[in-house]
Amino acid sequence: MIRATLLLPALLLLAACGRNDPLPPADTPAEAACRREAEASPAAKAGYARLPPADNVTQFNRVKAEIAAAERAAYLRCMRDKGLAPPGGVEPVRPPR
């Protein structure tokens, strides 16, 4: 039988993974297509290729943030190209390298 002390951290970890998605949920087929395009973007793939082991938490989090920023930028670019994103907006603040 699984102990409650082991089950709770596992459930919290799964919940945290679901909330770290940098892209909004897709409500239409066009949004789903842009989401797939963003996840398959060359910048995101390059980030995943250089993702360090999770034991180096600082470096791991920095690269994950760069991947998330690349996915968001590709998603917004796709949405703008399809005429679905509102014009303008504010670019998110990125920490210095």
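Relevant structure appears above.
Residues numbered from 1 in each chain as written. Predicted model: local features only at pLDDT ≥ 70, side-chain atom pairs only at ≥ 80, totals over all residues. Heavy atoms only, no water.

**Q** Quick question: what am I supposed to make of the side chain of Glu71 here?
**A** Inspection of the secondary structure assignment puts Glu71 in helix 4 (residues 57-81). Buried charged residue Glu71 carries no salt bridge. Nearest counter-charge: Arg35, at 7.3 Å. (Helix = DSSP H or I, 4+ residues; strand = E, 2+ residues; numbered from the N terminus. Buried < 20%, exposed > 50% of the residue type's maximum accessible area, 1.4 Å probe, protein only. Lys, Arg positive; Asp, Glu negative; His and termini not counted. Salt bridge = Lys/Arg side-chain N within 4 Å of Asp/Glu carboxyl O.)

**Q** Honestly, the packing of helix 2 (residues 29-39) against helix 4 in this entry has me stumped. Any pointers?
**A** Helix-helix packing is described using two parameters, namely the angle between the two axes and the distance between the axes. Close contact between helix 2 and helix 4 brings their axes to 8 Å; oriented N to C, the two are set at 140°. With respect to their mutual orientation, helix 2 and helix 4 come out oblique. Pair helix 2 / helix 4 crosses with right-handed handedness. Residues Glu31, Cys34, Arg35, Glu37, Ala38 and Glu39 of helix 2 form the contact with helix 4, whose own contacting residues are Glu71, Ala74, Tyr75, Cys78 and Met79. Partitioning the contact of helix 2 with helix 4 into residue classes produces six nonpolar, no polar and five charged. (Axes fitted to C-alpha atoms, helices over the stretch in contact; angles between N-to-C directions. Parallel < 35°, antiparallel > 145°, perpendicular 65-115°, else oblique. Left-handed = near helix turned anticlockwise from the far one by under 90°. Contact = heavy atoms within 4.5 Å. Nonpolar A, V, L, I, M, F, W, Y, C, P; charged D, E, K, R; others polar.)

**Q** Is there a simple way to explain the state of the cysteines in this structure?
**A** Disulfides are covalent bonds that connect the sulfur atoms of two cysteines. Going through the model one piece at a time under the given rule, you end up with one disulfide. For Cys34, the disulfide goes to Cys78, at an S-S distance of 2.1 Å. Between Cys34 and Cys78, the S-S torsion sits near -75°, and that sign places the bridge as left-handed. A residue pair is termed long-range when its members are at least 10 positions apart, and Cys34 in helix 2 and Cys78 in helix 4 qualify at 44 residues. No difference in accessibility class separates Cys34 from Cys78, as the two residues are buried. (Disulfide = S-S within 2.5 Å.)

**Q** Explain the nonpolar core here, please?
**A** A general trend in soluble globular proteins is that nonpolar side chains are found buried together. Residues Leu23, Cys34, Ala38, Ala74, Tyr75, Cys78, Met79 and Ala85 constitute the largest nonpolar core, which totals eight residues. For this core, the secondary structure elements donating two or more residues are helix 2 and helix 4. In contact with Leu23, not counting residues within four places along its chain, are Arg35, Ala38, Glu39, Glu71, Arg72 and Tyr75. (Core = buried A, V, L, I, M, F, W, Y, C linked by side-chain atoms within 4.5 Å.)

**Q** How do you make sense of the side chain of Glu31 when you look at a structure like this?
**A** Considering the arrangement of structural elements, one finds Glu31 in helix 2. Despite its burial, Glu31 pairs with no opposite charge, the nearest such side chain being Arg35 at 8.7 Å. A distance of 2.7 Å separates a polar side-chain atom of Glu31 from the backbone nitrogen of Asp27. Every residue in contact with Glu31, bar those within four places of it in the chain, is listed here: Pro25, Ala26, Tyr75 and Met79. (Polar contact = N/O pair within 3.5 Å; in protein donor to acceptor, adjacent residues only side chain to side chain.)

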